[in-house]
Amino acid sequence: MRILNVDDNSDNLLLLQSLLGTNDNTFFDAKNGREALKILAEQEIDLVISDILMPIMDGFTLCKEIRSNPKLHNIPFIVFTATYTGQKDEVLARKMGADDFIVKPCEPDELVRRIDKTIKHQNSRNRLEDIQTYNDETVLKLYNERLVRKLEDKMLEMENEVLERKKAIVALQRSEGILKATQSLGKLGGWEIDMQNGEVYWTEEMYRLHDIEPGSISGDDLIAASLEGYPEESRLKLQEYFQTIREKGTAYTLESWFTTQKNRKIYIRTSAIAKMENGKTTHILGIFQDISEQKNAEIKHQELMQQLRQAQKLDSIGQLAGGVAHDFNNILTVILGYSEEILNTLHQRDPIRQDIQEIASAGQRAATLTRQLLTFSRKQVIKPQLMNINEAIGNLSKMLKRLIGEDIDFVLDLGTNVPEFMADVGQIEQVIMNLVINAREAMQMGGTLTIKTFGYTADDSFCSTHPMISGKHFAVLRICDTGSGMDKETMEHIFEPFFTTKAKGHGTGLGLPTVYGIVRQAGGNIHVESTPGKGASFVILLPATEQSLETPTAPTVPTHTTGNKELVLVVEDDPAISDLSGKIIQKMGFRVKLASSADQALVMIEDEGLRPKLVISDVVMPGLSGIELAAIIKFKHPEMKFLLMSGYTETVIAKHGDVDPKIPFLHKPFTHQELLHKIEQALET
Ligand SMILES: Nc1ncnc2c1ncn2[C@@H]1O[C@H](COP(=O)(O)OP(=O)(O)OP(=O)(O)O)[C@@H](O)[C@H]1O
Ligand SMILES: [Mg+2]
């Protein structure tokens, strides 16, 4: 069958074709009545299926035209419409000569059945009589009425459509607003390049991130302006990525520092993907995001980790150095003790006297070194007291001026209200001296040395970036010079013992480790900044304390009284020290017994009935410690006096038990004088 489909919506033809099938049917397509009449004039048509409402000529008029044309009037005409506005539509259609009136949607079976029925009735007498009635006046009236009605409906439909479109536009504007706001919040710019015509599109945020006025430049100039912001290395990479995405459609991501047109330095991430058609890139779409905040947090984290690693490294070196220094102290006690002993017995003119003196002074130098090592490892016995940094500098200033010399300008800038803190005055003076000496050595050609002090109250951000430090209020000491400065590599090692850049024999490399040890022992922190050729600045923070001033007790001057054959028991596991101490004490007029451990000493006292007047004991020994021995003896024989000696600090010793603060303490290595003084102190308790 040859079917003419008349519909202004071409999709409806496809629908009809799929409903009826194209095997037995040939379809002709017209968009309105006029086109349909043209086709009817040229083609043999078996059936017309038509919509009603169409531009130029509607379905009713088409039907009327067909029926009034003697050549066409017998062709079956079916109205097939989706806009059914009432039964009168059908009545009118039939009056105009339509064979059937079918409303969409319609099942295919039903459609086929109705078409068959129409074709069968094509030549029946009833039908031919019916279709003569189209001229009736009532029909024309009905036609007008239906058409107006239909137009009204169409208007309504269009109004609804306009309303929907307005709603869609509002929704679109809203979504665009949200998109802009979120892009601005996320500092996320978007861009697109049309590869066919070279058009470049940037979102508002994209312009903002580049500090470029929207619309001020376009096209290739935008790309060039963007590329300008990258450092050379990133730019080359980006150009390479761009070529690959253009040729192969390979997506890319790049993170880089970026300088905007207003010279803002930001860290960005840019990614792009390709839109392809037939294996060719037609568009490239990308994002450009400012991720400076994340990057800076990452950098800060890395710096903190670096600080922590540095502190851990120095701690473990300190532990090692402290251990070595302790053993050295025992050996030095023996060397110094015996040289002193020999010097005391030798005649003033004895030729060997000079050699022994050399041994003694070498021993003294070694003792100084081990003391510095102990300071670094925070194992030095200290006497902390409440102190004021300005006073310490004041006391030193004369000496500092002399030390610095004429070539260097010396600026003192001492702040008011610098809080007091707990530290060993001698040690803090040592810190200032070491730093000033270093500064002087870095300014061989002259310069300016500034010592500044001030009080500082840390805020939360400071505390979070300085986990090594405790407290909120600090006394700050800043010593800076305009000397040679240091490179990064040097700065990483300056606090390590024996690190020096000086020529062999000119520096021990213990100056800064000593400073570090002292500052850390006082609970403080040290911070260094330096640029090669531009000087160095050492900033020391010391945590303020509220404790009241500790009145330093005046040292008691040894009176050189000698013993009166009282019995002294020396408990020491190192036989060299035990022998030496025994000899010295004997010479002082005491009787001496030696025990190599606390357990042996107890056996001598408890089982053998030994009743020494004084027990001198090392602290750290195999078996019972000196502290435990002191506690037992004090409990059982309160009349016996006790003296502790060790190469370790009191804090290390505290790990071996609670030390009775009344028991005097002797630090190794010791001189005869010191030993004698401590024995007297012990006997007085
Ligand atoms: N103010 C400074 N300017 C430049 N470099 C410095 C400064 N202070 C320290 N340094 C560097 O740190 C290194 C270590 O200093 P430190 O005080 O620990 O040892 P030293 O001065 O070399 O030797 P010592 O102090 O034992 O005489 C120095 O050799 C030097 O390279
Ligand atoms: Mg030094």
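Residues numbered from 1 in each chain as written. Chains lettered and ligands numbered in written order. Predicted model: local features only at pLDDT ≥ 70, side-chain atom pairs only at ≥ 80, totals over all residues.

A. Molecular detail of the overall build of the protein. Per the secondary structure count, the protein includes 22 helices and 22 strands. Over its C-alpha trace the protein gives a radius of gyration of 52 Å, far above what one expects of a compact globule, namely 26 Å for 685 residues. In the protein, which comprises 685 residues, the share counted as buried stands at 31%. By sequence separation, contacts in the protein at least 24 residues apart represent 66% of the contacts at least 6 residues apart. (Helix = DSSP H or I, 4+ residues; strand = E, 2+ residues; numbered from the N terminus. Rg over C-alpha atoms; globule rule 2.2 N^0.38 Å. Buried ≥ 20, exposed ≤ 12 C-beta atoms within 10 Å, placed from the backbone. Contact = placed C-beta atoms within 7 Å.)

B. Inspection of the site of ligand 1 at higher detail. In the vicinity of ligand 1 there are 23 residues, among which Ala442, Thr500, Gly507, Gly511 and Leu512 approach most closely. Elements represented by at least two residues in the shell around ligand 1 include exactly helix H14 (425–442) and helix H17 (511–521). Sort the elements by how many residues they give to the shell around ligand 1 and H14 lands first, with 4 residues. Class assignment of the residues belonging to the shell around ligand 1 gives a composition of 9 nonpolar, 12 polar and 2 charged. (Near = placed C-beta within 6 Å. Nonpolar A, V, L, I, M, F, W, Y, C, P; charged D, E, K, R; others polar.)

C. Inspection of the sheet that holds strand S21 (residues 641–646) at higher detail. Pairing within the open sheet is parallel, and its 5 strands lie in the order S19-S18-S20-S21-S22. Strands with a single pairing partner mark the edges of an open sheet, and in this sheet they are strand S19 (591–595) and strand S22 (665–667). Neighbour to neighbour, the strand axes of the sheet diverge by 20° on average, direction disregarded. Pairing of strand S18 (residues 567–571) with strand S20 (residues 614–618) involves 4 bridges; the strand directions are parallel. What sits directly across from Val571, in S20, is Ser617. Strands in contact with helix H22 (residues 672–684) are S20, S21 and S22; relative to S21, the strand with the most contacts, it is inclined by about 145°. (Pairing = 2+ DSSP bridges. Axes fitted to C-alpha atoms, helices over the stretch in contact; angles between N-to-C directions.)

D. Inspection of helix H10 (residues 232–248) at higher detail. With 17 residues, H10 should reach 24 Å at 1.5 Å per residue; the first-to-last C-alpha distance of 24 Å fits that figure. Positive phi shows up at Gly249, right after H10, with a value of about 75°. (Expected span 1.5 Å × (residues − 1).)

E. Region of interest: the packing of helix H12 (residues 353–376) against H17. In the contact formed by H12 and H17, the axes pass within 7 Å of each other and the chain directions differ by 45°. Classified by the interaxial angle, the pair formed by H12 and H17 is oblique. Between H12 and H17, the residues in contact are Gln372, Thr375 and Phe376 and Pro513, Thr514, Tyr516, Gly517 and Ile518, respectively. In terms of residue class, the contact of H12 with H17 is built from 4 nonpolar, 4 polar and no charged. (Parallel < 35°, antiparallel > 145°, perpendicular 65-115°, else oblique.)

F. Representation of the domain arrangement of the protein. According to the domain assignment, the protein contains domain 1 (2–156), domain 2 (186–290), domain 3 (298–376), domain 4 (385–543) and domain 5 (567–684). Relative placement of domain 1 and domain 3: their C-alpha centres are 116 Å apart. (Domains from an automatic or database assignment.)

G. Just the pairing of strand S9 (residues 265–277), in detail. The pairing of strand S8 (residues 252–259) with S9 spans 8 bridges and is classified as antiparallel. Looking across to S9, one finds that Leu254 is bridged to Thr270. The hairpin formed by S8 and S9 contains 5 residues between the paired strands, and Asn263 there has a positive phi angle of roughly 70°. Direction of pairing for S9 relative to strand S10 (residues 280–290): antiparallel, over a ladder of 10 bridges. Considered in S10, the bridge of Ser271 is made with Ile287. Linking S9 back to S10 in an antiparallel pair, the connection comprises 2 residues, with Asn278 at a positive phi of about 50°.

H. Representation of H12 in the model. With 24 residues, H12 extends 35 Å between its outermost C-alpha atoms, agreeing within 8% with the 34 Å of an ideal straight helix rising 1.5 Å per residue. Inspection of H12 places Gly363, Ala367, Thr370, Gln372, Leu373, Leu374, Thr375 and Phe376 among the buried residues, and these make up the whole buried set.

I. View of the sheet that holds strand S15 (residues 473–481). The strand order across the open sheet built from 5 strands is S12-S14-S15-S17-S16, with neighbouring strands paired in mixed fashion. What marks the edges here is a single partner per strand, and that holds for strand S12 (408–414) and strand S16 (525–530). The sheet shows a mean angle of 15° between the axes of neighbouring strands, direction not considered. Two elements, S12 and strand S14 (residues 447–457), share 7 bridges in a ladder whose sense is parallel.

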